[in-house]
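Chain and residue survey
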Amino acid sequence: MRDFSVDHRWLSLNTATVRKQGSLVEIVEACARRGIRAIDPWRDQVASVGLDRAVRAVRDAGLELSGYCRGGMFVADAAHRIEVRDDNRRVIDEAKALGAPCIVLVAGGLPQYSRVGSAASRDIAQARTQVHDGIAEMLEYATQANMPLAIEPLHPAYAADRACVNTTRQALDLCDALDPKRTGMLGVALDVYHIWWDFELMPQITRAGKDRLLAFHVCDWLVPTKDILNDRGMMGDGVIDIKSVRAAVEAQGFAGYSEIEIFSNAWWQKPMDEVLWTCIERHRSVV
Ligand code: ZN
């Protein structure tokens, strides 16, 4: 297992962590000043400064990407399926322009929450089928573009509105069904916030192996969690044994960035420099 205590060369910042404190360009500059070498930007943050400017900012600062957030939201009614397909193709084009190593996929839940304007449904089994079919379709375009797709299983509390893929096993079942030859184009993004509770986590990480482990996200689970979306904890402030999960993914050969992704009403109130400084310190001491 890599020693993170001596420096923060393997720290990547998911830019949603400081989304309220500045534009993507300001975040990129702040990361560069702090010696943070990589980011994972969100599409809306890229769009708000413009793709060309975002590409330039990342390049000028010498940053790498650890992923691009996000594609997916595959569940929609019939009237919106083409929109979903085209939107996901644009994600791939943007990720290519930015030099991302993979796209993080959030699968989508029920159609009325996954795609604005879709007719309401309670059929979660149908939602799962659409996710399967949607990834299959996206994977063709992604493979042509040589852009790997990383399915992120989300905590079951998000099944209705964000993702009906809720465990590492379920995400890997999709990978095995859609990419049985393990081409490297389909894998998982494992975020400790979503998966730490899963009694099958360790054997599923072993099952994933190096070629399916495309991204690793860290934060912490606070007790109590007051807001399932926007009350993530800073590493060390909650109950997740982050080191043991990192040890497991690294035992499989994962050697990428440890990406800090904290959606938090509390941390969004603090100055960007304080958040980044704390991220660096906890990355060294807790991750
Ligand atoms: Zn994540």
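Predicted model only: the values in this text are computed from it and were never measured.

Definitions and cut-offs
- Residues numbered from 1 in each chain as written.
- Predicted model: local features only at pLDDT ≥ 70, side-chain atom pairs only at ≥ 80, totals over all residues.
- Heavy atoms only, no water.
- Salt bridge = Lys/Arg side-chain N within 4 Å of Asp/Glu carboxyl O.
- Helix = DSSP H or I, 4+ residues; strand = E, 2+ residues; numbered from the N terminus.
- Donors = N, O, S within 2.8 Å, 3.2 Å for Na, K, Ca; no water.
- Buried < 20%, exposed > 50% of the residue type's maximum accessible area, 1.4 Å probe, protein only.
- 1 Å grid on protein atoms, 1.4 Å probe; cavity = no way out; pocket = protein on both sides within 12 Å on 5 of 7 lines; lining within 4 Å.
- Points joined across faces, edges and corners; volume = space filled by probe spheres on them.
- Nonpolar A, V, L, I, M, F, W, Y, C, P; charged D, E, K, R; others polar.
- Contact = heavy atoms within 4.5 Å.
- Disulfide = S-S within 2.5 Å.
- Patch = residues over 30% accessible without salt bridge, like charges linked within 9 Å, V, L, I, M, F, W, Y side chains within 5 Å.
- Areas by Shrake-Rupley, 256 points an atom, 1.4 Å probe, with all protein chains shown as cover.

Scanning the entire structure with this criterion turns up 22 salt bridges. Here Arg43 makes a salt bridge to Asp87, at a shortest N to O gap of 3.0 Å. Here Arg43, found in helix α2 (residues 43-49), pairs with Asp87, found in helix α4 (residues 81-98); they are 44 residues apart in sequence, far enough to count as distant. For Glu94, the salt bridge is made with Arg43, and the minimal N-O distance between the two is 3.0 Å. Here the residue Glu94 occupies a position in helix α4, and Arg43 occupies one in helix α2, the gap between them amounting to 51 residues.

Let's shift gears to the coordination of the zinc ion. Any two of four tetrahedral donors ideally make an angle of 109.5 degrees at the metal, while pairs among six octahedral donors ideally make 90 or 180 degrees. Coordination of the zinc ion by the protein involves Glu152 (OE), Asp191 (OD), His217 (ND1) and Glu261 (OE), with metal-donor separations of 2.0 to 2.2 Å. Donor residues for the zinc ion sit on one chain with the sequence pattern E-x38-D-x25-H-x43-E. Taken together, the positions of Asp191 in strand β7 (residues 186-191) and Glu261 in the loop between β9 (258-260) and α11 (272-285) put the pair 70 residues apart, joining distant regions of the chain. Taken as a pair, Asp191 and Glu261 share a single burial class, namely buried.

Turning our attention to the layout of surface pockets. Here the largest pocket is characterised by a volume of approximately 300 Å³. What lines the largest pocket is a set of 18 residues, and nearest its centre among them are Pro101, Leu213, Leu214, Phe254 and Gly256. Looking at the lining of the largest pocket, the elements with two or more residues in it are β3 (64-65) and β8 (213-218). Per element, the largest residue contribution to the lining of the largest pocket is four residues, and it comes from β8. Looking at the lining of the largest pocket residue by residue, the classes come out as twelve nonpolar, three polar and three charged. Estimates place the volume of the second largest pocket at around 260 Å³. Taken together, 15 residues line the second largest pocket, and the ones lying closest to its centre are Trp42, Arg70, Arg162, Leu229 and Phe263.

This paragraph deals with the environment of Val46. Mapped onto the secondary structure, Val46 falls in helix α2. Assessed through its relative accessible area of 2%, Val46 is described here as buried. In the structure, Val46 is positioned 52 residues away from Leu98 in sequence and 9.7 Å away in space, judged by C-alpha atoms. Among all residues touching Val46, those that are not within four sequence positions of it are Leu24, Pro41, Leu51, Ala54, Tyr68 and Leu98.

On to the state of the cysteines, then. In a disulfide, the sulfur atoms of two cysteines are covalently bonded to one another. Here the structure, examined in full by the defined rule, presents zero disulfides. Between Cys31, a free cysteine, and Cys279, which holds the nearest cysteine sulfur, the sulfur-to-sulfur gap is 8.9 Å. The exposure class assigned to Cys31 is buried, which follows from its relative accessible area of 0%.

Another aspect to go through is a nonpolar patch on the surface. Where nonpolar side chains cluster on the molecular surface, the patch consists of Trp196, Trp197, Val223 and Val239 and spans about 380 Å² of accessible area. Mapped onto the secondary structure, Trp196 falls in the loop between α8 (192-195) and α9 (201-212). Residue Trp196 is classed as partly exposed on the basis of its relative accessible area, which comes to 31%.

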